[in-house]
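# Structure assessment
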Amino acid sequence: MWRVRRAAVACEVCQSLVKRSSGTKGSLPLQKLHLVSRSIYHTHHATLKLQRPQLRTSLQQFSSLTSLPLRKLKLSPVKYGYQPHRNFWPARLAARLLKLRYLILGSAVGGGYTAKKTFDQWKDMIPDLSDYKWIVPDIVWEIDEYIDLEKIRKALPNSEDLAKLAPDFDKIAESLSLLKDFFTTGSPGETAFRATDPGSESDKRFRKVSDKEKIDQLQEELLHTQLKYQRILERLEKENKELRKLVLQKDDKGIHHRKLKKSLIDMYSEVLDVLSDYDASYNTQDHLPRVVVVGDQSAGKTSVLEMIAQARIFPRGSGEMMTRSPVKVTLSEGPHHVALFKDSSREFDLTKEEDLAALRHEIELRMRKNVKEGCTVSPETISLNVKGPGLQRMVLVDLPGVINTVTSGMAPDTKETIFSISKAYMQNPNAIILCIQDGSVDAERSIVTDLVSQMDPHGRRTIFVLTKVDLAEKNVTSPSRIQQIIEGKLFPMKALGYFAVVTGKGNSSESIEAIRDYEEEFFQNSKLLKTSMLKAHQVTTRNLSLAVSDCFWKMVRESVEQQADSFKATRFNLETEWKNNYPRLRELDRNELFEKAKNEILDEVISLSQVTPKHWEEILQQSLWERVSTHVIENIYLPAAQTMNSGTFNTTVDIKLKQWTDKQLPNKAVEVAWETLQEEFSRFMTEPKGKEHDDIFDKLKEAVKEESIKRHKWNDFAEDSLRVIQHNALEDRSISDKQQWDAAIYFMEEALQARLKDTENAIENMVGPDWKKRWLYWKNRTQEQCVHNETKNELEKMLKCNEEHPAYLASDEITTVRKNLESRGVEVDPSLIKDTWHQVYRRHFLKTALNHCNLCRRGFYYYQRHFVDSELECNDVVLFWRIQRMLAITANTLRQQLTNTEVRRLEKNVKEVLEDFAEDGEKKVKLLTGKRVQLAEDLKKVREIQEKLDAFIEALHQEK
């Protein structure tokens, strides 16, 4: 009974305390109240030994004001029984049950929200493994056929239903704060005093200092958390890179036999390569995105590219311009870190220093090859593919650095050429401009920012990158200046994003890993992050590459379908134009036309070997006689024929033939053979083929013919062997039969008649037209022709008097002729008399020789007897037989050399010329021209571009 009474008294005390101190900050400890309350149910607890309270003493400890009268506590009469127990027990039980419900629901809702947020964060960190769906068994992708996942998802409550079940946490927090304030230790007087007293100044200062410390502490914790998150991401990225590398290596080894599709970025890079061939100036037909990297010279843009590509791939020099032509770098993911050029199959292993050095050397050689003589930079693009695990997929174009002044050794137009190249790439409305600014120099010295502002004034496709931030922070006295540069406030240039990077300590031998570690260490200790001048996502090249890749693919998805539609319309227009202009011709582009012309030319060269030997020998013999006939008549026959006897004639002939054979004849024969081969080759090349002839090949055939003939050289040993053969042929004087004798006479008559005809033409030109032409054609002689005619008549009278006159006039004869002409009033010069005598005597001698030749037709019998007991001597016929036989033997020898050696060598030269022309694009453009060629060329390129664009768009949709 006394225990029940004591519990009732304690409850009365608690109730009275609650009634007196409601609305004030009581100082009664909450633990004491709990102990009192707990003592009702745990009377035998070892720690709860409660004494009967002294009422006066208990009331005084809650008051700090002694002047206030104390009220006596009126205890309600204690009623024995179980009624107090019945009133208190249900309330306590309900309160505890409600509290437990709130805790469970609050924990469930808060924990679910936190879990969902954490899951979303980790989901974003997981890389895209859509290309490797084949690794997962097919049953996983078909699980929805066996389990109705949608039904399970609908059965689960959503976040809105859970939120409705959750209590109002704001009201709960407010109630708890009221209870905490009520049960705070202290007397009611102290509570009232604190409520009315505004507080001392020292308390306010303490509160301000503590707030500042809390802000600093929160900033420090935020930075630490960001860096920790960054390290976690890098660790996961590294692990993911290794896993992807293992997967791709397994596929390369043939473990997985299903062929992987070509990556999106490789397909897109091929589209850009075809476009660059179709439209090198990047006009309106090419608006596909690229990441164009521009910056001042030595601003660090090449180093930024190397950090993104994760390899030292570009040549470098101290202060010297190294980027002399645009370099298109296609970054894609692969099992090995390698690089290869578009037009080469060699792979450079970027993990080996030897291959890196070879790659840099190859890029430098290609740049210098692209630069024309007298220039410093070139607009021709070098295409390079870089593959490796973990690389961001995009296409970057490294441009030559913008310069302010032209230094010695540069072309005068270098600055303007660099500006034109940069503008050609940046004026593409879908090009992403990566503007590189050197942070270690004054921003006012930069030229590239003005250029970028002109091309993209609103900054809708520009990403600004501040390099060498470590040097900038060390040298710049005001860190806020770096913040102004990053935010674009220092100069009027807008951008999508602003980034700050560190590209090493200036040592070209630093590895990419060392630079990355140095960059991370710098930004961990940098004041720029600690003072919130820079955000964590605005630093490091890794964040930059992620941002550029996201922007690049966003631009690609927005523009590629529009470009595909544009090329479809272009293709339709070109096909319509071709059908209207060339309805019966196939659409052959320049390369296909070149192959067709190449086959025709080779067929024509092969046809040279089908020329008959008789045709070769006739052409060679005729051409050689035309070349040597003048020498034979003028220098051998005429001097020998003017001798007095046959012995002197034969001696003179043998000497002159020996001299001619040793020096001139073999050389002339080789020249004739080479010219004959050229003429036949030209005839086959230019001869019309009837309806099959295509005049579009005429320029190409002419160029091939000239270049082949220029390269062809006759065999030097042929001349020496030919000399011996010709000498032996001319030594032979034995005519075997009458047929050869008659052939020699016929050959001699033809030669003499041709010379006589030429001589008569020369005399006619000298003396003018005869009386028939003057009467019939109304022609007159000039004064000079009249003098020549009078001189000719006087000289003919002299020859009639002495038909065996020698070839030369004596001085007294010249004087006689001149005086005879002067007596008729004709003034002549001795040189004119000599010139006229030469033609007159020549005609007289040729007529005499022809008459003698006619007499020798019956002289073969006397020849067989060596002209014994005969006044007839036909040594001149024997001479012409020797010449004729020499011509026949020489023609036969040259024909054999032509058909056996020279034709094949010429065919080989033609093949080499065609191969060289096939590799020379400029030569093909120059030789195969015309509207038909250009239209077919454009049509093929547009079709190829459209097909590649359609395939890329289809792959892009599949990836989504």
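Residues numbered from 1 in each chain as written. Predicted model: local features only at pLDDT ≥ 70, side-chain atom pairs only at ≥ 80, totals over all residues. Heavy atoms only, no water.

## A word on the overall build of the chain
Of regular secondary structure, the chain possesses 35 helices and nine strands. Residues counted as buried form 41% of the 960 residues belonging to the chain. When contacts within the chain are restricted to residue pairs at least 6 apart in sequence, long-range pairs at least 24 apart make up 80% of them. Summed over its atoms, the accessible surface of the chain is roughly 56,900 Å², and 52% of this surface lies on carbon and sulfur atoms. (Helix = DSSP H or I, 4+ residues; strand = E, 2+ residues; numbered from the N terminus. Buried < 20%, exposed > 50% of the residue type's maximum accessible area, 1.4 Å probe, protein only. Contact = heavy atoms within 4.5 Å. Areas by Shrake-Rupley, 256 points an atom, 1.4 Å probe, with all protein chains shown as cover.)

## Thoughts on the environment of E520
Along the chain, E520 falls in helix α18 (residues 512-525). Put simply, E520 and T540 are 20 residues apart on the chain and 7.2 Å apart in space, counted from C-alpha to C-alpha.

## A word on a negative patch on the surface
Taken together, E380, E912, E915, E919, D920 and E922 make up a surface patch of like negative charges. Ranked by residue count, the leading element in the negative patch is helix α33 (residues 875-919), at three residues. Looking at the element boundaries, E922 is found in helix α34 (residues 921-927). Residue classification places E922 among the exposed positions, given a relative accessible area of 60%. (Patch = residues over 30% accessible without salt bridge, like charges linked within 9 Å, V, L, I, M, F, W, Y side chains within 5 Å. Salt bridge = Lys/Arg side-chain N within 4 Å of Asp/Glu carboxyl O. Lys, Arg positive; Asp, Glu negative; His and termini not counted. Charge placed at Lys NZ, Arg CZ, Asp CG, Glu CD.)

## Topic: the confidence of the model for the chain
When pLDDT is averaged along the chain, the result is 75, and 69% of the positions lie at 70 or above. For the chain, helix α3 (residues 55-60) is the element with the lowest average pLDDT, namely 36, and strand β1 (residues 291-295) is the one with the highest, namely 91. Scored below 50 in pLDDT, residues 1-86 makes 80 contacts in the model with residues more than four places away or belonging to other chains. In the model, residues 252-260 has pLDDT below 50 throughout and makes 12 contacts with residues more than four positions away in sequence or in other chains. (pLDDT = per-residue confidence, 0-100.)

## Some points on the sheet that holds strand β5 (residues 382-387)
Strand order in the open sheet made by the nine strands is β4-β3-β5-β2-β6-β1-β7-β8-β9, with mixed pairing throughout. Strands with a single pairing partner mark the edges of an open sheet, and in this sheet they are β4 (348-349) and β9 (497-500). When strand β3 (residues 338-341) meets β5, the two strands line up antiparallel, connected through four bridges. Each residue of the ladder has a partner; that of V338, found in β5, is K387. In the packing of helix α12 (residues 301-309) onto the sheet, contacts are made with β1, β2 (327-332), β5, β6 (394-398), β7 (432-438) and β8 (462-467), and the angle to β6 comes to roughly 155 degrees. (Pairing = 2+ DSSP bridges. Axes fitted to C-alpha atoms, helices over the stretch in contact; angles between N-to-C directions.)

## What to know about the packing of aromatic side chains
The tally for this structure, following the rule as stated, stands at 17 aromatic pairs. Ring geometry for W741 and Y863: centres 5.3 Å apart, planes at 35 degrees, overall tilted. With W741 in helix α27 (residues 738-767) and Y863 in helix α32 (residues 860-864), this residue pair connects regions lying 122 residues apart in the sequence. The burial state of W741 is the same as that of Y863; both residues are buried. Stacked on the ring of F341, the Lys or Arg R366 has its end atom at 4.0 Å from the ring centre. Cation over ring: R683 sits above F684, and NZ or CZ is 4.6 Å from the ring centre. (Phe/Tyr/Trp six-rings, centres within 6.5 Å; stacked < 30°, edge-to-face > 60°. Lys NZ or Arg CZ within 6 Å of the ring centre and 35° of its normal.)

## Quick look at the state of the cysteines
The bond known as a disulfide is covalent and runs between the sulfur atoms of two cysteines. Taken as a whole and assessed by the stated rule, the structure comprises one disulfide. No disulfide involves C853; its nearest neighbouring cysteine sulfur is the one of C856, lying 6.6 Å away. (Disulfide = S-S within 2.5 Å.)

## Some points on the pairing of β8
One face of the sheet, then the other: side chains in a regular strand alternate in exactly this way. The element β8 is largely enclosed, with a buried count of six among its six residues. The two faces of β8 match: T462, F464 and L466 on one face and I463, V465 and T467 on the other face are all buried. One ladder, built from six bridges, connects β7 with β8; its direction is parallel. The residue bridging D438 from the neighbouring strand is T467, located in β8. Alignment of β8 against β9, held across four bridges, turns out to be parallel. Following the sheet pairing, L466 is matched in β9 by A500.

## As for the nonpolar core
Core analysis: the biggest nonpolar cluster contains 100 residues, and W625, Y637, W660, W741 and I883 have the highest contact counts within it. With 17 residues, α33 is the single largest residue contributor to this core. Within the second largest apolar cluster, 68 residues are counted, among which are V942, L949, I953 and L956. (Core = buried A, V, L, I, M, F, W, Y, C linked by side-chain atoms within 4.5 Å.)

## Points about the environment of P412
Along the polypeptide, P412 turns up in the loop between β6 and α14 (414-426). Under the relative-accessibility criterion, P412 is labelled exposed at 75%. As a C-alpha pair, P412 and C375 span 37 residues in sequence and 8.5 Å in three-dimensional space.

## Examining a nonpolar patch on the surface
Taken together, the side chains of W771, W775, L776 and Y777 make up a nonpolar region of the molecular surface, amounting to roughly 620 Å² of accessible area. Here Y777 lies in helix α28 (residues 771-777). For Y777, a relative accessible area of 56% corresponds to the exposed category.

## Topic: the packing of α27 against helix α31 (residues 830-855)
Two numbers describe a pair of packed helices, the interaxial angle and the distance between the axes. Where α27 meets α31, the closest approach of the two axes is 9 Å, and the angle between their N-to-C directions is 155 degrees. One finds that α27 runs roughly antiparallel with respect to α31. α27 and α31 meet at a crossing whose hand is left-handed. Contact with α27, carried on its side by I745, M748, E749, L752, Q753, R755, L756, T759, E760, A762, I763 and M766, involves D835, T836, Q839, V840, R842, R843, L846, K847, A849, L850, C853 and N854 of α31 and no other residues of that element. Of the residues in the contact of α27 with α31, the class split is 12 nonpolar, five polar and seven charged. (Parallel < 35°, antiparallel > 145°, perpendicular 65-115°, else oblique. Left-handed = near helix turned anticlockwise from the far one by under 90°. Nonpolar A, V, L, I, M, F, W, Y, C, P; charged D, E, K, R; others polar.)

## Let's talk about the pairing of β6
Most of β6 is tucked away: five of the five residues are buried. Neither face of β6 is exposed, since M394, L396 and D398 on one face and V395 and V397 on the opposite face are all buried. Bridge analysis of β2 against β6 gives five bridges, and the strand direction is antiparallel. In the strand pairing of β6, V327 is matched with D398.

## Observations concerning unusual backbone geometry
With a phi angle near 60 degrees, Q310 is a residue other than glycine that sits in the positive phi range. For Q310, the position within the fold is in the loop between α12 and β2. Residue classification places Q310 among the partly exposed residues on the basis of a relative accessible area of 22%. Backbone geometry places T540, a non-glycine residue, at a positive phi of 75 degrees. Along the chain, the position of T540 falls in the loop between α19 (527-530) and α20 (541-581). Owing to a relative accessible area of 12%, T540 belongs among the buried residues under this scheme.

## Describing the pattern of salt bridges
Tallying each qualifying case throughout the model produces 40 salt bridges. Between E587 and R943 there is a salt bridge, with the nearest N and O atoms lying 2.6 Å from each other. Of this pair, E587 sits in the loop between α20 and α21 (590-606) while R943 sits in helix α35 (residues 931-959), and the two are 356 residues apart along the sequence. E587 sits in the partly exposed class, given a relative accessible area of 31%. Residue class for R943 comes out partly exposed when judged on its relative accessible area of 23%. Between R711 and E707 there is a salt bridge, and its shortest N-O distance comes to 3.0 Å. Residue R711 and its partner E707 are both found in helix α25 (residues 698-711); the two are separated by four residues, about one turn of the helix. Judged by its relative accessible area of 32%, R711 is partly exposed. The exposure class assigned to E707 is partly exposed, which follows from its relative accessible area of 24%. Linked by salt bridges that have partners in common, R571, E575, E587 and R943 make up one network.

## A closer look at the packing of helix α29 (residues 783-801) against α31
Where α29 contacts α31, the two axes come as close as 9 Å, and the packing angle between them is 55 degrees. In terms of axis orientation, α29 runs oblique to α31. With respect to the hand of their crossing, α29 and α31 are arranged in right-handed fashion. Residues V787, H788, T791, K792, L795, E796 and L799 of α29 touch α31, and the partners they reach there are L832, I833, T836, W837, V840, Y841, R843 and H844. In terms of residue class, the contact of α29 with α31 is built from eight nonpolar, four polar and three charged.

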